[in-house]
Amino acid sequence: MGPHPAVAAIRLAVRRVLHDILTEHSRIHDVPTPSRLRAASAPTPSAPSPGAQRTAHGTALDTSYELPGQSPQEPPRAAPHERPPSPLVLVACSGGADSMALASALAFEAPKLGIRAGGITIDHGLQPGSDLRAEEVVLRLRQLGLDPVESHAVTVGRTGGPEAAARDARYAALDDAAVRHGAFAVLLGHTRDDQAETVLLGLARGSGIRSLSGMAAVSGAGGRYRRPFLGLDRQTARKACMVQALPVWDDPHNSDPAYTRSRLRQEGLPALEKALGKGVVEALARTAQLSRDDADALDAWASQAEAAVRDATGLLECAKLYALPPAVRRRILRRAAIEAGAPAGSLFARHIEEVDRLITGWRGQGAINLPGKVVAQRQGGRLVIRQG
């Protein structure tokens, strides 16, 4: 008899991500994968020339996953007959059902693929006894067979509100752990329910299509963060923990009405499902994927168009910007503001709309103040964005 369907689902999701990681890791180190080894050992009419082999390697190299401190033109190569280093994958685990299910699936699948698996838990210090709970999570991860495992205490600031500040501190700690341990990837336990909540939060803020695209399955520097569970619901992860007798911790912040996401989870989504029927979560997650595809295409268009709307000195020409579709133009304006020093997290749609009026509704208005002490103003048919 096979594993419980919930356990099988989480393991399959993790296995797929680990296969992707293994393929990318092999490309970076320019070493053959098992399929390439089988192909190489098969009899062929004639062996390819050394030059042809180098060309094949060069075209297959994926430089978007370069390792820190290494040039994409010169990836590390395994010496002849030398076994390539096994990639290390960490799981970020709070002790909740989603991340414990993820940790258990990683511990089960990674050894079968020759991947080293470790874990890290973040102590935000926001609740009494959080340090003790973090140590309990460390013990559970070690009992699953993960190594290395560590707890990382962080100091949560105030910028952007409590939820955003905690998130910033958490990701900074995860980045640090990944670098220190040389981890190839960090797995995160966000589920389809989390994705639906993220889309609704973006919708409530009146954000653009990029915000509605939710969380990416692969994100972070060099594709560090992977989210295997975006296609699974929260109940599947919880069921997997229950049938495996994995102890889980329910964070009281997840039901605290002081937090926006908590209110949405406890009141907003249930109200939507009551009014619209079941399937709201799945529909929102599907909207996220469709929005991401559109946003990626528009971002690519804006990148290609940007050079054509700048003059010889690099300033943006208002007439050429005016001729662009609004979605493309505003992406160029946002990118220019960020390059000038405006913090991306503090730059909202209303800021870009005000700058856009310097292009589409010019009536001699003054400069627009943006976050980060950045100023945008129109001068002689050019748009000047700089720190004032």
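This is a predicted model, so every value here is computed, not measured.

The rules behind these values
Residues numbered from 1 in each chain as written. Predicted model: local features only at pLDDT ≥ 70, side-chain atom pairs only at ≥ 80, totals over all residues. Heavy atoms only, no water. Bend = angle between axes of the 7 residues up to and from the residue. Helix = DSSP H or I, 4+ residues; strand = E, 2+ residues; numbered from the N terminus. Buried < 20%, exposed > 50% of the residue type's maximum accessible area, 1.4 Å probe, protein only. Contact = heavy atoms within 4.5 Å. Salt bridge = Lys/Arg side-chain N within 4 Å of Asp/Glu carboxyl O. Pairing = 2+ DSSP bridges. Axes fitted to C-alpha atoms, helices over the stretch in contact; angles between N-to-C directions. Phe/Tyr/Trp six-rings, centres within 6.5 Å; stacked < 30°, edge-to-face > 60°. Lys NZ or Arg CZ within 6 Å of the ring centre and 35° of its normal. Polar contact = N/O pair within 3.5 Å; in protein donor to acceptor, adjacent residues only side chain to side chain. pLDDT = per-residue confidence, 0-100.

K.L.:
Quick question: what am I supposed to make of helix 10 (residues 260–276) here?
P.N.:
What sets the pattern is the α-helix's 3.6 residues per turn: residues three or four places apart point alike. A maximum bend of about 35 degrees is found in helix 10 at glutamine 266, where proline proline 270 lies one to four positions downstream. All buried positions along helix 10 are accounted for by Ser262, Leu264, Arg265 and Leu269. If you follow the buried residues of helix 10, they end up packed against helix 7 (192–204), helix 9 (234–243) and helix 11 (280–306). Looking at the residues trailing helix 10, positive phi occurs at glycine 277, about 95 degrees.

K.L.:
When you look at the environment of serine 346 in this model, what are you seeing that I'm missing?
P.N.:
Here serine 346 is to be found in the loop between helix 13 (326–340) and helix 14 (349–360). Residue classification places serine 346 among the partly exposed residues on the basis of a relative accessible area of 31%. On a C-alpha basis, the gap between serine 346 and leucine 370 in space is 9.0 Å, while along the polypeptide they are 24 residues apart. Sequence-distant contacts of serine 346, defined by excluding residues within four places in its chain, comprise His351 and Pro371.

K.L.:
Would you mind going over the pattern of salt bridges with me for this structure?
P.N.:
Any two side chains of opposite charge can pair, on the condition that their charged atoms come close. Scanning the model with the defined rule gives 26 salt bridges in all. The salt bridge involving aspartate 194 is made with arginine 234; its shortest N-O contact spans 2.9 Å. In this pair, aspartate 194 is assigned in helix 7 and arginine 234 in helix 9, connecting sequence segments 40 residues apart. Of the two residues examined, aspartate 194 and arginine 234, each falls in the buried class. A salt bridge links aspartate 299 to arginine 331; the nearest nitrogen and oxygen atoms lie 2.7 Å apart. Pair noted here: aspartate 299 is in helix 11 and arginine 331 is in helix 13, with a separation of 32 residues, a long-range link. Residue classification places arginine 331 among the buried residues on the basis of a relative accessible area of 16%. Each of Asp194, Glu197, Arg234, Arg261 and Arg265 takes part in salt bridges that share partners, so that together they form one network.

K.L.:
Explanation requested: the sheet that holds strand 5 (residues 218–219) in the structure shown.
P.N.:
Note on sheets: strands pair through backbone hydrogen bonds, and any given pair is parallel or antiparallel. Judged by pairing direction, the sheet is mixed, and its 6 strands sit side by side in the order 3-2-1-4-6-5 without closing on themselves. Bordering the open sheet on either side are strand 3 (149–153) and strand 5, each of which pairs with just one other strand. One ladder, built from 5 bridges, connects strand 1 (residues 88–92) with strand 2 (residues 116–123); its direction is parallel. Residue pairing in the sheet places valine 89 in a bridge with alanine 117 of strand 2. Strands in contact with helix 5 (residues 130–143) are strand 2 and strand 3; relative to strand 2, the strand with the most contacts, it is inclined by about 170 degrees.

K.L.:
Help me understand the packing of aromatic side chains, please; the structure alone is not making it clear to me.
P.N.:
Each aromatic ring pair is characterised by the separation of its centres together with the angle its planes make. The final tally for this structure, using the stated rule, is 1 aromatic pair. On the basis of an interplanar angle of 90 degrees and a centroid distance of 5.1 Å, the ring pair of tyrosine 171 and tyrosine 225 is categorised as edge-to-face. Of this pair, tyrosine 171 sits in helix 6 (residues 162–181) while tyrosine 225 sits in strand 6 (residues 225–226), and the two are 54 residues apart along the sequence. The pair formed by tyrosine 171 and tyrosine 225 is uniform in burial state, with each residue classed as buried. Here arginine 11 stacks its cationic end above the ring of phenylalanine 108, 3.5 Å away from the centre of that ring.

K.L.:
Just checking my understanding: could you explain the sheet that holds strand 9 (residues 374–379) for this structure?
P.N.:
As summarised here, the arrangement of the 4 strands in space is 7-10-9-8, forming an open sheet in which the pairing is antiparallel. Only two strands of the sheet have a single partner each, and these edge strands are strand 7 (316–317) and strand 8 (368–370). Pairing of strand 7 with strand 10 (residues 382–387) involves 2 bridges; the strand directions are antiparallel. The residue of strand 10 that forms the bridge with glutamate 317 is arginine 382. The strands touched by helix 13 are strand 7, strand 8, strand 9 and strand 10; relative to strand 10, the strand with the most contacts, the crossing angle is about 35 degrees.

K.L.:
Teacher, can you tell me more about unusual backbone geometry here?
P.N.:
A negative phi angle is the norm for most residues apart from glycine, just as the trans form is the norm for most peptide bonds. The amide bond that connects aspartate 147 to the next residue, proline 148, takes the cis arrangement and shows omega of 5 degrees. Mapped onto the elements, proline 148 comes out in the loop between helix 5 and strand 3. Phi is positive for alanine 245, which is not a glycine, with a value near 60 degrees. Tracing the sequence through the fold places alanine 245 in the loop between helix 9 and helix 10. Positive phi outside glycine occurs at lysine 373, with the angle close to 60 degrees.

K.L.:
Looking at this structure, how should I read the side chain of serine 213?
P.N.:
Position of serine 213 among the secondary structure elements: in the loop between helix 8 (209–212) and strand 5. Relative accessible area serves as the criterion here: at 1%, serine 213 is assigned to the buried category. With near-sequence residues (within four places) excluded, serine 213 lies in contact with Gln195, Ala288, Ser291 and Arg292.

K.L.:
I keep staring at the side chain of aspartate 311 and nothing clicks. Help me out?
P.N.:
Tracing the backbone shows aspartate 311 in the loop between helix 11 and strand 7. Polar contacts involving the side chain of aspartate 311 include one to the side chain of threonine 313, which spans 2.7 Å.

K.L.:
I keep staring at the environment of valine 309 and nothing clicks. Help me out?
P.N.:
Along the chain, valine 309 falls in the loop between helix 11 and strand 7. When the C-alpha positions of valine 309 and alanine 323 are compared, they lie 9.6 Å apart, and in sequence the two are 14 residues distant. Setting aside anything within four residues of it in sequence, one finds valine 309 in contact with Leu315, Leu316, Glu317, Lys320, Leu321, Leu324 and Ile332.

K.L.:
Teacher, can you tell me more about the confidence of the model for the protein chain here?
P.N.:
Should pLDDT be low for a region, the predicted coordinates there are not to be read in detail. In this model, the protein chain carries a mean pLDDT of 85, and residues with pLDDT of at least 70 account for 85%. Note on residues 44–76: pLDDT under 50 across the span, and 28 contacts to partners over four residues away in sequence or across chains.

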